[in-house]
Amino acid sequence: VDWQGILALRNHLMRPFLLLFLLFPVLELFVFVQVSGAIGFFPALLLIILGSMLGVLVLRVAGLATALRARESLNRGELPAQTMLEGLMMALAGGLLILPGFISDVVGLVMLLPVTRKLLAGKMRQRAEEAAIRQRAFADDLQPRGGPAPRQPLGREGDVIEGEFEHRDSK
């Protein structure tokens with residue numbers, strides 16, 4: 001395993017997230033100042049508060065609705081992966097609505113749309129499946145080639161030893 005390459009990739013990917021983490025509050029504040037200049041401070045503040053209240057409501061409803069849909073899927077004998085991912089998208093949308101700011105509210109509202117939610121959940125599912133395939137391929141590469149497979153300790157490969165026992169007191 002090329003650990004140096006993996007660490008370099010991680011560091012390369014972390015820079016944009018760090019930049020976004022630092023710039024996002026500044027962008028939110030800039031947009032708030034622009035909106036409050038256009039409609040007034042108190043109406044803009046009221047919109048921020050209403051967005052947060054909507055986010056709390058979405059989080060409460062999303063959890064219950066996701067649990068009910070997952071149960072229905074299980075009752076039909078299906079795996080509720082898509083349902084769970086859509087529930088995750090709703091929870092993320094609720095979290096974005098709770099954050100104070102107009103940019104996060106707009107992104108959260110867009111994520112609440114069923115079309116967007118299904119699209120994002122489908123993309124997440126596809127990426128998870130690809131990652132699982134890569135992980136299985138990597139695990140297969142670690143297995144020894146040729147020759148008999150190494151023997152695992154008892155109990156790890158499903159060996160069953162039948163027998164009887166009797167408990168006797170030492171008295």
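Chains are numbered independently. Their residues run from 1 in the order of the written sequence. Side-chain atom pairs in this predicted model are given and counted only at pLDDT of 80 or more, local residue features only at pLDDT of at least 70, and totals for whole chains, interfaces and linings cover all residues. Water and hydrogen atoms were dropped before computing side-chain values, which therefore reflect all heavy atoms in the structure.

Engineer: Explain the packing of aromatic side chains to me, and be specific about the residues and the numbers.
Structural biologist: Two rings belonging to Phe, Tyr or Trp (six-membered ring only in the last case) form a pair when the distance between their centres is within 6.5 Å. Interplanar angles under 30 degrees mark stacking, angles over 60 mark edge-to-face geometry, and anything in between is tilted. Counted under the stated rule, the structure contains three aromatic pairs. Consider the rings of Phe32 and Phe41, whose centres lie 5.8 Å apart with planes at 85°: the pair is edge-to-face. Centre to centre, the rings of Phe41 and Phe42 are 5.2 Å apart; their planes meet at 80°, and the pair counts as edge-to-face. Any residue under 20% of the maximum accessible area for its type is buried, any over 50% is exposed, and the rest in between are partly exposed; the area is computed with a 1.4 Å probe on protein chains only. By relative accessible area, which is 43% here, Phe41 ends up partly exposed.

Engineer: So, a nonpolar patch on the surface: which residues are in play, and what are the values?
Structural biologist: Each patch groups residues whose relative accessible area exceeds 30% and which form no salt bridge, using 9 Å between like charges and 5 Å between nonpolar side chains of Val, Leu, Ile, Met, Phe, Trp and Tyr. Here the accessible surface of atoms and residues is derived via Shrake-Rupley with a 1.4 Å probe, and residues count as covered only by protein chains that are part of the display. In the sections that follow, a salt bridge refers to a side-chain nitrogen of Lys or Arg positioned within 4 Å of a carboxyl oxygen of Asp or Glu. Together, Ile39, Phe41, Phe42, Leu45, Leu46, Leu47, Ile49, Leu50 and Met53 make up a nonpolar patch on the protein surface, roughly 870 Å² of accessible area in all. Among the elements that line the nonpolar patch, the one with the most residues is helix α2 (residues 41-75), at eight residues. Mapped onto the secondary structure, Leu45 falls in helix α2. A relative accessible area of 30% places Leu45 in the partly exposed class. Numbering of helices and strands runs from the N terminus, with a helix taken as a DSSP run of H or I at least four residues long and a strand as a DSSP run of E at least two residues long.

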